[in-house]
Amino acid sequence: GQNIDQPTEMTATEGAIVQINCTYQTSGFNGLFWYQQHAGEAPTFLSYNVLDGLEEKGRFSSFLSRSKGYSYLLLKELQMKDSASYLCAVRKTDSWGKLQFGAGTQVVVTP
Amino acid sequence: EAQVTQNPRYLITVTGKKLTVTCSQNMNHEYMSWYRQDPGLGLRQIYYSMNVEVTDKGDVPEGYKVSRKEKRNFPLILESPSPNQTSLYFCATGQGPAEAFFGQGTRLTVV
């Protein structure tokens, strides 16, 4: 089986930094993904990590530690439009096509 | 313009009446996948397809069928819908390791 855990909700102030953690247990690992989903809309791809380390894309960064089964998504210089659900998803090695998602973290940005 | 198009966007139907949700993409992606999204459960994969005529089960395939006769289309078929299949459905496509594009979603209600 595979458990993917992330906090349910986080609140932060505009301009601040928020870190969303994701832990996973898997018998085989082939990449971890972060998606953003605004209410009522489709998820949009943010980042992909398959090797340990930090991947930076503008205000968003994603980190992976395979040995710890741990990832985080860092959102810097928060803007009101960053209020959304952030989804962590893991792909397994034994079945390339399978992707399993966590339940998502709702980030609320306040003025 | 890169697009993943789902139809219909909204559907209310009755128990047992067969229905099909279509998904079409214009990006020539080999990989396509279907998910359902329910509150508190996140996105759960129903079926996926690595290429034409190649389909495989995700985590929640019961009650669903798919086909992949051509690369651009990946319809989701509910032969005998039941109320527990009331959900928000997403189709997704990708060419690389990440699923980069999601359709707009189909909100299905089975009464």
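From a predicted model like this one, the values you see are computed outputs, not experimental measurements.

(A) Focus on the sheet that holds strand E1 (residues 3–5) of chain A. Residues and elements named next belong to chain A. On the basis of which strands lie adjacent, the open sheet formed by 5 strands has the order E1-E3-E8-E7-E6 and antiparallel pairing. The two strands at the open ends of the sheet, each matched to only one other strand, are E1 and strand E6 (53–57). If you compare each strand with its neighbour and ignore which way they point, the axes differ by 15 degrees on average.

(B) Expanded view of the interface of chain A and chain B. With 19 residues of chain A at the interface, the matching set in chain B holds 22 residues. Both faces considered, chain A and chain B share a buried interface measuring about 1,700 Å² in area, 57% of it formed by carbon and sulfur atoms. Inspection of the region where chain A meets chain B yields 1 salt bridge. A salt bridge links Asp-59 of chain B to Lys-98 of chain A; its shortest N-O distance comes to 3.8 Å. At the surface where chain A touches chain B, the tally comes to 5 residue pairs in polar contact (both at pLDDT 80 or more). When contributions to the side of chain A that touches chain B are tallied by element, the ones reaching two or more residues are strand E4 (32–37), strand E5 (44–49), strand E9 (84–91) and strand E10 (99–101) of chain A.

(C) Broad picture of the sheet that holds strand E3 (residues 19–25) of chain B. Taken in spatial order, the 4 strands make up an open sheet running E1-E3-E8-E7 (chain B), and their pairing is antiparallel. For this open sheet the edge positions go to strand E1 (4–7) and strand E7 (65–66) of chain B, each flanked by a neighbour on one side alone.

(D) Local environment of the pairing of E5 of chain A. All names here are of chain A. Note that E4 and E5 share 5 bridges and pair antiparallel. Residue pairing across strands places Phe-33 opposite Tyr-48, the latter belonging to E5. Between E4 and E5, which pair antiparallel one after the other, the connecting turn spans 6 residues, and Gly-40 there sits at a positive phi close to 80 degrees.

(E) Seen up close, the pairing of strand E5 (residues 42–51) of chain B. Residue and element names in this part refer to chain B. Of all 10 residues in E5, 7 are buried, a share of seventy percent or more. As paired strands, strand E4 (residues 31–38) and E5 are joined by 7 bridges and run antiparallel to one another. Paired with Met-32 across the two strands is Ser-49, which belongs to E5. Hairpin remark: E4 followed by E5, antiparallel, with 3 residues in the connecting loop; positive phi at Gly-40, about 80 degrees. Pairing of E5 with strand E6 (residues 54–57), which is carried by 4 bridges, proceeds in the antiparallel orientation. Paired with Ser-49 across the two strands is Thr-55, which belongs to E6. If you look at the hairpin formed by E5 and E6, you'll find 2 residues sitting between the two strands, and Glu-53 has a positive phi there, around 65 degrees.

(F) The arrangement of the packing of aromatic side chains in detail. Per the stated rule, a full pass over the model turns up 13 aromatic pairs over all chains. Consider the rings of Tyr-35 of chain B and Phe-102 of chain B, whose centres lie 5.9 Å apart with planes at 35 degrees: the pair is tilted. Here Tyr-35 of chain B is found in strand E4, whereas its partner Phe-102 of chain B is found in strand E10 (residues 101–102), with 67 residues between them in sequence. Among the residues examined, Tyr-35 of chain B registers a relative accessible area of 0% and is labelled buried. Three or more aromatic residues joined by ring pairs form one cluster here, namely Tyr-35, Phe-45 and Phe-101 of chain A together with Tyr-35, Phe-90 and Phe-102 of chain B. Above the plane of the ring of Tyr-31 of chain B lies Arg-91 of chain A, whose end atom (NZ or CZ) is 5.5 Å from the centre. Sitting over the face of the ring of Phe-74 of chain B, Arg-68 of chain B holds its NZ or CZ atom 6.0 Å from the ring centroid.

(G) Region of the structure containing the state of the cysteines. By the definition in use, this model includes 2 disulfides over all chains. Across a sulfur-sulfur distance of 2.0 Å, Cys-22 of chain A and Cys-88 of chain A are joined as a disulfide pair. Between Cys-22 of chain A and Cys-88 of chain A the disulfide shows an S-S torsion of about -70 degrees. By sign, it is left-handed. With Cys-22 of chain A in strand E3 (residues 18–25) and Cys-88 of chain A in strand E9, this residue pair connects regions lying 66 residues apart in the sequence. Side by side, Cys-22 of chain A and Cys-88 of chain A carry an identical accessibility label, which is buried. Across a sulfur-sulfur distance of 1.9 Å, Cys-23 of chain B and Cys-91 of chain B are joined as a disulfide pair. With the S-S dihedral at roughly -70 degrees, the linkage between Cys-23 of chain B and Cys-91 of chain B falls on the left-handed side. Of the two residues, Cys-23 of chain B sits in strand E3 while Cys-91 of chain B sits in strand E9 (residues 87–94), which places them 68 residues apart along the sequence. Given a relative accessible area of 2%, Cys-23 of chain B falls into the buried group.

Rules behind the numbers
For every chain, the first residue of its written sequence is number 1, and the numbers climb from 1 along that sequence. Whichever chain is written first becomes A and whichever ligand is written first becomes 1, with later ones labelled in order. For a predicted model such as this one, the threshold for reporting local features is a pLDDT of at least 70, and the threshold for listing and counting side-chain atom pairs is 80 or more; totals across whole chains, interfaces and linings nevertheless cover every residue. Only hydrogens and water are removed before side-chain values are computed, so all heavy atoms of the structure are retained for them. By definition, two strands form a pair when at least two bridges between them are found by DSSP. Where helices and strands are cited, they refer to DSSP runs of H or I of at least four residues and of E of at least two residues respectively, numbered from the N terminus. Note on definitions: angles span 0 to 180 degrees between N-to-C directions of axes, and those axes are lines fitted to C-alpha atoms, for helices only across the stretch in contact. Contacts are assigned to residue pairs that have any heavy atoms within 4.5 Å of one another. Note: buried area is the sum, over both parts, of the accessible area (probe 1.4 Å) each one loses when the two are combined. Basic side-chain nitrogens of Lys or Arg form a salt bridge, by our definition, when they fall within 4 Å of a carboxyl oxygen of Asp or Glu. Polar contacts, as used here, are pairs of N or O atoms within 3.5 Å; protein pairs need one atom able to donate a hydrogen and one able to accept it. Residues neighboring in sequence count only if both atoms are side-chain atoms. Categorising residues by exposure relies on relative accessible area from a 1.4 Å probe, with only protein chains included: less than 20% of the type maximum marks a residue as buried, more than 50% marks it as exposed, and the intermediate range marks it as partly exposed. The pairing test for Phe, Tyr and Trp rings, Trp by its six-membered ring, is centres within 6.5 Å, and the orientation test on the planes gives stacked under 30 degrees, edge-to-face over 60, and tilted for anything in between. Counted as over-ring charges are cases with an Arg CZ or a Lys NZ within 6 Å of the ring centre that also lie within 35 degrees of the ring normal. The term disulfide is used for any two cysteine sulfur atoms that are within 2.5 Å.

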